[in-house]
Amino acid sequence: MKQEKQPKPQRQKKARKPLNLKASFQTRSFRVGGYSVVATAIVLAIIIAVNLIVSALPEKYTKLDTTSNQLFTLSDQTKSLVSNLTQEVTIYWIVSSGSEDSYLETLLSRYADLSDNLKVVKRDPDVYPTFVQQYTDSATANSLVVECGSRSRYVDYYDIYVLDYYSYYYYGTTSWSFYGESELTSAIDYVISEDLPKVYLLTGHGEQDIPDTFTDALEKENVDTESLSLLTVDEVPEDADCILIYAPQSDLSTEETDMLLEYLNAGGNLFVITEPLQDTTLTNLEALMALYGVTKESGVVVEGSRSYYALNNPFYLLPEINSHTITSPLISEGYYVLLPVAEGLLVSDELPDNVSVTELLVTSSSAYSKVNGLTATTYEKEDGDVDGPFALAVAITDSEADSSIVWVSSAYLLNESANSRVSGGNQDFFLNAVSWMCDTDESSISIHAKELSYEYLTMDSGTASTLAVLAMGVIPLAYLAVGIVIHVRRKRR
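Predicted model, so just to flag it, every value in this text is computed and none were measured.

Taking 1.5 Å of rise per residue, twelve residues should cover 16 Å, and helix 10 (residues 254-265) covers 16 Å from first to last C-alpha, within 8% of that figure. Looking only at helix 10, the buried set comprises Glu 256, Thr 257, Met 259, Leu 260, Tyr 263 and Leu 264. One side of helix 10 carries all its buried residues, which in axial view fall inside an arc of 160°. Facing away from the buried surface of helix 10 by more than 90 degrees, the exposed residues are Glu 255 and Glu 262. Considering only its buried residues, helix 10 is in contact with strand 9 (242-246), strand 10 (269-273), helix 11 (283-290) and strand 21 (403-408).

Shown next as structure tokens:
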């Protein structure tokens, strides 16, 4: 008899336990997740706190100057001037919103970090159309106005970025310089100064005109200049901090020489720049210098040591620079002074008791003076030539009268071409000498411009294509492959 198949008993489903909310908070997964959330919150809080602290710090601590020529690293002169400000100085930045020059913005922030008495304020010409008219007839975008009380100075954008026209016209190279710090520090020094040093430029003896590069530099150093003829006055003006005699072609009269001596005995200062002359002697001027123990050797100095002349020309002298207040900045920064076509100066062994002389620029012991100088047909030493060494620039101090004299024996000190060949070393020497004689503070010493030069990586088209494939194809695919492998391995666990 066929037995009936008994149906399998159905498996009873386990009844789910009611959800215990309290117990769910005590599970291991909740504790691990909670720890992660808390740790994440702590990390985020630390990041936010660090960002707030960093944002409150001055930019000089948070943004390093990584430019190759240290565009935004301020000089000691600027730091000293700005950090010691006792008056409120405002720098108005004439710029439309969104058109700010990034270099200028960084530089201004560095200045603002130095003193609470200096503030940078933007003035949008679209919002304040008449603001700039208080200071100048017209203004370019990203120009500056520096103001302190009733004094102000306008700094044009094209005085901050300057093209080297000499290199452009003569060598076909485009070279821009950034004068941001130089212009800004000069403007600040100007607006906080009540009395500016006054230099009179002597006329009436065929003196050369000072090139624009050097007159502009004097203006930027806040030195006021004015022409002076001793024939039209009874005495040197009382406000004369210094008298500059630049490359006279004829001698001073006896009356003029006596007037200068009286000025020096009363504490005046004299800057003399001479050059070798053909068939002309400066008898009275040289006699005045001889009173202070310095005389001139006839002829033109020829340098016998290759280390002391430039451009393969023994007349183009690169003298040794001795330590003095005038020359110390050049020595510390490794600059040269170039003096083509110079006369030799000799310092007496027996100076007046109240007089001291420092030889600022000197030749090597191999130098000699060619007596036929300007008409010489050879660099070789000949009979009658006078052995060196010679001084080419001296600084004289009269402690009794509290006066000073600087004598440089080459008019090429103020030659723009010679100056450019030594990266502005001649200009620095000139400005430092004026600063020393006018007894101005160290902030007046010249601040160099920064060259805006860029180096580009040049490559052929094949190399460029290979790098493009690597950057846009191979590297992204490699990252994708690594991600897939990691994902698969985790799935297998």
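Structure shown, so let's carry the discussion forward.
Attention now moves to the side chain of Asp 156. Looking at the secondary structure, you find Asp 156 in the loop between strand 4 (151-155) and helix 6 (157-160). Notably, Asp 156 is buried but unbridged: the nearest opposite-charge side chain belongs to Lys 220, and the N-O separation is 11 Å. At a separation of 3.2 Å, a polar atom in the side chain of Asp 156 contacts the side chain of Thr 140. Here Tyr 154 takes part through its side chain, which lies 2.7 Å from a polar atom of the side chain of Asp 156. With residues up to four places along the chain from it excluded, the contact list for Asp 156 reads Thr 140 and Ser 143.

According to the stated counting rule, one finds nine aromatic pairs in the structure shown. Note on Phe 131 and Tyr 135: the rings are 5.4 Å apart at their centroids and 55° apart in plane angle, and the pair reads as tilted. Over the ring of Tyr 128 we find Arg 123; its NZ or CZ atom is 4.6 Å from the centre of that ring. Directly above the aromatic system of Tyr 179 lies the positively charged group of Lys 220, at a separation of 4.7 Å from the ring centroid.

Looking now at the nonpolar core. Phe 271, Leu 361, Val 408, Leu 413, Phe 429 and Phe 430 are the most contacted members of the largest nonpolar core, which has 40 residues in total. Looking at this core, the elements that each hand over two or more residues are strand 7 (198-202), helix 9 (212-220), strand 9, strand 10, strand 17 (355-362), strand 20 (391-398), strand 21 and helix 14 (425-438). Sort the elements by how many residues they give to this core and helix 14 lands first, with seven residues. Those residues in contact with Leu 413 that sit more than four places away from it in its chain are Phe 214, Phe 271, Ile 273, Val 337, Leu 339, Val 408, Asn 426 and Phe 429. Counting 31 residues, the second-largest nonpolar core is a separate cluster that includes Leu 345, Val 355, Ala 391 and Ile 396.

With that out of the way, let us pick up a negative patch on the surface. On the surface, Asp 234, Glu 235, Glu 238, Glu 255, Asp 258 and Glu 262 cluster together into a patch of negative charge. Tracing the sequence through the fold places Asp 258 in helix 10.

Take the sheet that holds strand 19 (residues 386-387) next. Backbone-to-backbone hydrogen bonds join strands into a sheet, with any given pair of strands oriented parallel or antiparallel. With antiparallel pairing, three strands are arranged side by side in an open sheet as 12-18-19. Every interior strand has two partners, whereas the edge strands, strand 12 (300-302) and strand 19, have only one. Taken together, the two bridges between strand 18 (residues 368-370) and strand 19 define a ladder with antiparallel strand orientation. The residue of strand 19 that forms the bridge with Ser 369 is Val 386.

With mixed pairing, the four strands of this open sheet are ordered in space as 2-1-3-4. Looking at the sheet topology across the chains shown, the edges are occupied by strand 2 (118-123) and strand 4. Between one strand axis and the next, the sheet turns through 20° on average, direction left out of account. Across six bridges, the pairing between strand 1 (residues 89-94) and strand 2 is parallel. Bridging from a neighbouring strand, Ile 94 pairs with Arg 123 of strand 2. Sheet strands in contact with helix 8 (residues 180-192) are strand 1, strand 2, strand 3 (143-148) and strand 4, and its direction is about 165° off that of strand 4.

Here we take up the pairing of strand 4. With five bridges joining them, strand 3 and strand 4 adopt antiparallel strand pairing. The residue of strand 4 that forms the bridge with Leu 144 is Val 155. Between the antiparallel neighbours strand 3 and strand 4 lie two residues, among them Gly 149 with a positive phi of about 60°.

Here the focus is a nonpolar patch on the surface. On the surface, Leu 467, Val 469, Leu 470, Val 474, Ile 475 and Tyr 479 cluster together into a nonpolar patch covering about 590 Å² of accessible area. Within the element layout of this structure, Tyr 479 appears in helix 15 (residues 461-492).

Calculation rules
Residues numbered from 1 in each chain as written. Predicted model: local features only at pLDDT ≥ 70, side-chain atom pairs only at ≥ 80, totals over all residues. Heavy atoms only, no water. Helix = DSSP H or I, 4+ residues; strand = E, 2+ residues; numbered from the N terminus. Expected span 1.5 Å × (residues − 1). Buried < 20%, exposed > 50% of the residue type's maximum accessible area, 1.4 Å probe, protein only. Arc of directions from axis to C-beta. Contact = heavy atoms within 4.5 Å. Lys, Arg positive; Asp, Glu negative; His and termini not counted. Salt bridge = Lys/Arg side-chain N within 4 Å of Asp/Glu carboxyl O. Polar contact = N/O pair within 3.5 Å; in protein donor to acceptor, adjacent residues only side chain to side chain. Phe/Tyr/Trp six-rings, centres within 6.5 Å; stacked < 30°, edge-to-face > 60°. Lys NZ or Arg CZ within 6 Å of the ring centre and 35° of its normal. Core = buried A, V, L, I, M, F, W, Y, C linked by side-chain atoms within 4.5 Å. Patch = residues over 30% accessible without salt bridge, like charges linked within 9 Å, V, L, I, M, F, W, Y side chains within 5 Å. Areas by Shrake-Rupley, 256 points an atom, 1.4 Å probe, with all protein chains shown as cover. Charge placed at Lys NZ, Arg CZ, Asp CG, Glu CD. Pairing = 2+ DSSP bridges. Axes fitted to C-alpha atoms, helices over the stretch in contact; angles between N-to-C directions.

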